[in-house]
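Tertiary structure, described
Listed below are the residues making up each chain.
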Amino acid sequence: MTNILEIRNLHATVHGKEILKGVDLVLPAGEIHAIMGPNGSGKSTLSYVLAGRDGYEVTAGEILYKGQDLAVMEADERARAGIFLAFQYPVEIPGVANSVFLKAAVNAGRKARGEPELDAMDFLKKSKALLKTLDMDEKFLNRPVNVGFSGGEKKRNEIFHMAMIEPSLAILDETDSGLDIDALKVVSAGVNALRNENRSMLVITHYQRLLEHIVPDRIHVLAGGRIVSSGGKELALELEQNGYAGLTGDKSAA
Amino acid sequence: MMTTPATDNPTARAHAEAFAGLVSSLPGDATARQDALTRFKAAGLPTRRVEEWKFTGLDALSRKVFAPAAPAITGSPSRAQIEAIAGVPGAIHAVFINGSFDASLSDALPAGVALLSGASVTPTATGEGRGQSLIALNAAFMRDGVVIDVADGARIEQPLALVFLAGGDGAAVHTRNVVRLGSGAALQVVEIHASLNAAGATFSNAVTEAVIGAGARLTHARIAAEGKSALHHSHAAVSIGEGGEYVSFALSVGGELTRQESDVRFAAPGGTARLYGAYLGRGRQHMDHTTRVRHDHPGCATEELFKGALDGEAHGVFQGLIHVAPHAIKTDARQRNVNLLLSDRAVADAKPELEILADDVKCSHGATVGDLDADEIFYLRARGLSPDAARRLLLTGYVEDLIGRLDDAAIAAAIKARTDAWLGEEQP
């Protein structure tokens, strides 16, 4: 089995402060791994480092995506190469229609992969079909990106973007935060529909709740800037009962 | 005196010297024109020492002589070019070349639309005040423009596109429009100021007076899109009747120096003024938008939003005064100015002013100067857009957010065509 993502001894700083202190993680093709951890453990930092955000500096270690060193790739190159970040706080872009942005994004990726660009008709057809599965109104296409969207609508819109862009590696940063149970089910169904043998996902969450709907192949616990524990999906239940306190050992052998 | 004596300025002198030979060929009352010239001479041209002009200097009128333009010049554009320049779908076009009406390039003017040259309009001192001597200069030299009377209850569906083309190095062009809307009337007017040949330096000095009747609605757009070395000054003097509405959009995309002024007065209670503006500058362009709104009656509302995007060494200026008289209770006035500096050398000056003398009012103002938002850029890049594509899309959205506030599709389209062209010219 090939690995989509290999993170080795990753150290990273944010504005000079070390947040990640030696993260090791291997994500094989087709698998979903969850990253859980207390607030301030470095979960969001890891997602931004993977996406290539300015100000997030890798000081040691390496990240290989499909065997390629990410260090030399800018944020937009990573995205065009198939890395997608579903934002914890999706950004509002006044004056830019959701469809205009998304079409540009979809076609930037297709162009980079040497695939033909989607024309307006195909884009609209595909968009409408996907919006329906996410229980979103078609009006979301014409509204400015995330402007006036409720918290749940913003998260759904992220999954809608993900479904349209069809990434190889999707990083879902606290996609469950701010969702009520109905929205959580819709969003999870949308994510599950995208599971396939060529697509890997890293699901970052604080709560076990999401993992009842998006069942991961493995769970890693990030604490103090390191993966302190890894295991199967049953680890989530254990965390739910015992909390993050006292987690230091490696249960990956289980 | 905080002004330059008119005789010390070569452009002012050239006008004074040309007056006697010219006045017989200009429409209307020669005595009123002489009075206007006298007022102009007495006031002189405004300098930066006049508070209203502290950010904008008219030095260009001293460095080069601008004299009243000859009405006819060669190299007129074709009718198809006129429609492209105007960019207002389905409009009735009235075309003025160096301030003179050109019937061959224009559409038949509908009932209620006359020419200033045929209407014997007597120049008045409307809008003249401190720092406003260019309006007096316009009153002395105005050659043509339209005089529009919309009858009570008449709603004109087709937008009127007034295309003012200037050309010839050193040409000064003075135009004036008068718009009068009866009760419940509605009209959309777009002024497009463009250059005939971009190479010559011209000076356009355009004044529009508008009187909006009770419950009437005027949409008035001004597009300043002249060539690189053009100087442009325009002034809108607007009076709003009871429950009337004035929607204005002033766009600056051309010229070396542009100043667009709006002077709005509520003549009765319950009126609404919505003033929008965009200035997109690069190179060494200077763009000034100055607004004055007087709330002299209760229950009137003003919404102002002006956005600048400045690249290169461009200099943007926004000055906005909102005056609320003691008895103008229930005034609702909001003013906002936003500036994007796209280079280290671009400059934006903002001077918002609220003079509130009444209690029980809602007033707010704010001005910001900054760069494109880093979070927004990252969001777009994280979806695969190159830094340049992300920047372009954000800039487009920045302008679109403003244009989207216009209800009139044809006018929005004309403005969008100009802003899209500006964005397309942008050097990455």
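Quick caveat, the model's predicted, so the values are computed rather than measured. All chains use their own residue numbering, which begins from 1 and follows the written sequence. Written order determines the labels here, with chains lettered from A and ligands numbered from 1. Local features in this predicted model are restricted to residues of pLDDT 70 or higher, and side-chain atom pairs are both shown and tallied only at a pLDDT of 80 or more, whereas totals for entire chains, interfaces and linings draw on every residue. Water and hydrogen atoms were dropped before computing side-chain values, which therefore reflect all heavy atoms in the structure.

On to the overall build of chain A, then. A count of helices and strands for chain A gives eight helices and 12 strands. On C-alpha atoms alone, chain A measures out to a radius of gyration of 18 Å, which is about the 18 Å that the 2.2 N^0.38 rule sets for 254 residues. Counting only C-alpha atoms and orienting by the principal axes, one finds that chain A spans roughly 55 × 40 × 35 Å. Burial analysis of chain A (254 residues in total) assigns 55% to the buried set. All accessibility values rest on the Shrake-Rupley procedure with a 1.4 Å probe; residue burial counts only the protein chains present in the view. By element, 49% of the accessible surface of chain A is carried by carbon and sulfur atoms, the whole surface being about 11000 Å². Charge assignment in this entry is limited to Lys and Arg as positive and Asp and Glu as negative, and neither His nor the chain termini are counted. To locate a charge, the coordinates of NZ of Lys, CZ of Arg, CG of Asp or CD of Glu are taken. For chain A, the separation between the mean place of its 29 positive charges and that of its 34 negative charges on side chains is 3 Å. Segments assigned H or I by DSSP are reported as helices when at least four residues long, segments assigned E as strands when at least two residues long, and all are numbered from the N terminus. Atoms counted for the radius of gyration: C-alpha only. Globule rule: 2.2 Å times the number of residues to the power 0.38. Classification of residues uses two cut-offs on accessible area relative to the type maximum, computed with a 1.4 Å probe and protein chains only: under 20% is buried, over 50% is exposed, and between them is partly exposed.

Before going further, it helps to examine the interface of chain B and chain A. Contacts are assigned to residue pairs that have any heavy atoms within 4.5 Å of one another. At the interface, 18 residues of chain B touch 31 residues of chain A. Two parts lose some accessible area (1.4 Å probe) when they are put together, and adding that loss for both gives the buried area. When the two sides are added together, the surface that chain B and chain A hide from each other amounts to roughly 1900 Å², 66% of it contributed by carbon and sulfur. On the chain B side of the contact with chain A, B:Phe378, B:Tyr379 and B:Arg383 bury the most area, a combined 42% of that side's loss. Throughout this description, the term salt bridge denotes a Lys or Arg side-chain nitrogen within 4 Å of a carboxyl oxygen of Asp or Glu. At the junction of chain B and chain A, the tally comes to four salt bridges. We note a salt bridge from B:Arg381 to A:Asp76, for which the minimum N-O separation is 2.6 Å. Whenever a nitrogen or oxygen atom comes within 3.5 Å of another N or O atom, the pair is scored as a polar contact, on the condition that within protein one atom can donate a hydrogen and the other can accept it, and that pairs from neighbouring residues in sequence are kept only if both atoms are in side chains. Summed over the shared surface of chain B and chain A, the result is nine residue pairs in polar contact (both at pLDDT 80 or more). Breaking the side of chain B that touches chain A down by element, the ones donating at least two residues are helix H7 (374–381) and helix H8 (387–403) of chain B. The greatest single-element share of the side of chain B that touches chain A, amounting to seven residues, is contributed by H8(B). Residues are grouped as follows: Ala, Val, Leu, Ile, Met, Phe, Trp, Tyr, Cys and Pro are nonpolar; Asp, Glu, Lys and Arg are charged; every other residue, Gly included, is polar. Taken together, the residues that form the side of chain B that touches chain A break down as nine nonpolar, three polar and six charged.

Moving on to unusual backbone geometry. Most peptide bonds are trans, and most residues other than glycine sit at a negative phi. Backbone geometry places A:Asn9, a non-glycine residue, at a positive phi of 45°. Positionally, A:Asn9 belongs in strand S1 (residues 3–14).

Turning next to the side chain of B:Thr291. Residue and element names in this part refer to chain B. Along the chain, Thr 291 turns up in strand S17 (residues 286–295). By relative accessible area, Thr 291 is classed as buried at 2%. Residue contacts for Thr 291: discarding those within four places in its chain leaves Ser 262, Leu 275, Glu 304, Phe 306, Phe 318, Gln 319, Gly 320, Leu 321 and Gln 335.

What follows deals with the confidence of the model for chain A. Residues of chain A with pLDDT of at least 70 account for 96%, and the chain-wide mean is 92. Overall, residues 249–254 of chain A carries pLDDT values under 50, and its contacts beyond four positions in sequence, including any with other chains, amount to 10 contacts. Per-residue confidence from the predictor is given as pLDDT, running between 0 and 100.

Residues and elements named next belong to chain B. The convention used is that axes are lines fitted to C-alpha atoms, helices contributing only their stretch in contact, and that angles between N-to-C directions extend from 0 to 180 degrees. Contact geometry for H8 and helix H9 (residues 409–425): axes closest at 11 Å, N-to-C directions at 160°. The angle between H8 and H9 falls in the class roughly antiparallel. H8 and H9 meet at a crossing whose hand is right-handed. Between H8 and H9, the residues in contact are Arg 392, Leu 395, Thr 396, Val 399, Glu 400 and Ile 403 and Ala 412, Ile 415, Lys 416, Thr 419, Leu 423 and Gly 424, respectively. Residue composition of the contact of H8 with H9, by class: six nonpolar, three polar and three charged. Note on angle classes: values under 35 degrees are labelled roughly parallel, values over 145 roughly antiparallel, values of 65 to 115 roughly perpendicular, and the remainder oblique. In this scheme the crossing of two helices becomes right-handed for a clockwise turn of the near helix relative to the far one and left-handed for an anticlockwise turn of less than a right angle.

All names here are of chain B. Space inside and on the surface of the protein is sampled on a 1 Å grid over the protein atoms alone, with a cavity defined as a set of points where a 1.4 Å probe fits but cannot get out and a pocket as an open set with protein on both sides within 12 Å along at least 5 of 7 lines; lining residues have an atom within 4 Å of a point. Grid points are joined across faces, edges and corners, and a volume is the space filled by probe spheres set on the points. Its boundaries defined by the atoms lining it, the largest pocket holds a volume of some 560 Å³. Along the wall of the largest pocket there are 21 residues; nearest its centre are Glu 226, Lys 228, Val 253, Gly 254 and Glu 425. Residues belonging to the lining of the largest pocket are distributed by class as follows: eight nonpolar, seven polar and six charged. Formed jointly, the lining of the largest pocket draws a minimum of three residues from each of two domains, domain 1 (3–268) and domain 2 (374–428). For each domain, the first and last residues come from an automatic or database assignment.

Across a sheet, paired strands are connected by hydrogen bonds in the backbone, their directions being either parallel or antiparallel. Residues and elements named next belong to chain A. An order of S2-S1-S4-S5 is seen for the four strands of this open sheet, with the pairing classed as antiparallel. What marks the edges here is a single partner per strand, and that holds for strand S2 (17–28) and strand S5 (68–69). Strands qualify as paired when DSSP identifies two bridges or more between them. Of the pairings in the sheet, the one linking strand S4 (residues 56–65) to S5 comprises two bridges and is antiparallel in character. Within the sheet, the bridge partner assigned to Tyr 65 lies in S5 and is Gln 68. Helix H1 (residues 43–51) contacts S1, S2 and S4 of the sheet and is inclined by roughly 110° relative to S1.

A separate point is the pairing of strand S12 (residues 226–231) of chain A. Residues and elements named next belong to chain A. Most of S12 is tucked away, with five of its six residues classed as buried. Inspection of the sheet shows strand S11 (residues 218–223) paired to S12 by five bridges, in the antiparallel sense. Looking at S12, one finds that Val 221 is bridged to Ser 229. What sits between the antiparallel neighbours S11 and S12 is a turn of two residues, in which Gly 224 has the positive phi angle 60°.

Moving on, we come to H1(A). Residue and element names in this part refer to chain A. Along H1, eight of the nine residues are buried, which leaves the element largely enclosed by surrounding structure. Taken together, the buried positions of H1 are occupied by Lys 43, Thr 45, Leu 46, Ser 47, Tyr 48, Val 49, Leu 50 and Ala 51. Within two residues after H1, Gly 52 carries a phi angle of roughly 90°, on the positive side.

All names here are of chain B. Counted residue by residue, strand S15 (residues 257–266) has nine buried out of 10 residues, so it is predominantly covered. As paired strands, strand S13 (residues 231–240) and S15 are joined by 10 bridges and run parallel to one another. When the bridges of S15 are listed, His 233 appears paired with Arg 259. As paired elements, S15 and S17 share nine bridges and run parallel to each other. For Asp 263, the partnering residue across the bridge sits in S17 and is Arg 292.

Before going further, it helps to spend a moment on the sheet that holds strand S8 (residues 160–166) of chain B. Residues and elements named next belong to chain B. The strand order S5-S4-S8-S10-S12-S14-S16-S18-S20-S22 describes an open sheet built from 10 strands, whose pairing is mixed. Each end of this open sheet is capped by a strand with a single partner; those strands are strand S5 (100–101) and strand S22 (362–370). Here strand S14 (residues 245–252) pairs with strand S16 (residues 272–281) via eight bridges, running parallel. Within S16, the residue paired with Ser 248 across the bridge is Leu 275. The sheet contacts of H8 involve S14, S16, strand S18 (301–310) and strand S20 (332–341), and relative to S18 the element is tilted by about 160°.

The subject of this paragraph is the state of the cysteines. Cysteine sulfurs are considered disulfide-paired once they come within 2.5 Å of each other. Here the structure, examined in full by the defined rule, presents zero disulfides over all chains. B:Cys363 supplies the cysteine sulfur nearest to B:Cys300, a cysteine that is in no disulfide, at a spacing of 12 Å.

What follows deals with the pattern of salt bridges. Counting across every chain of the model gives 41 salt bridges over all chains. Note that A:Lys128 and A:Glu138 form a salt bridge whose closest N and O atoms lie 3.6 Å from each other. Taken together, the positions of A:Lys128 in helix H4 (residues 120–133) and A:Glu138 in the loop between H4 and strand S8 (144–145) put the pair 10 residues apart, joining distant regions of the chain. The exposure class assigned to A:Glu138 is partly exposed, which follows from its relative accessible area of 41%. Linking B:Arg259 and B:Asp288 is a salt bridge whose minimum nitrogen-to-oxygen distance equals 2.8 Å. With a gap of 29 residues between them, B:Arg259 in strand S15 and B:Asp288 in strand S17 connect regions that are remote in the sequence. The buried category is assigned to B:Arg259, whose relative accessible area is 1%. Connected through shared salt-bridge partners, B:Arg217, B:Glu245, B:Arg274, B:Asp407 and B:Asp408 make up one network.

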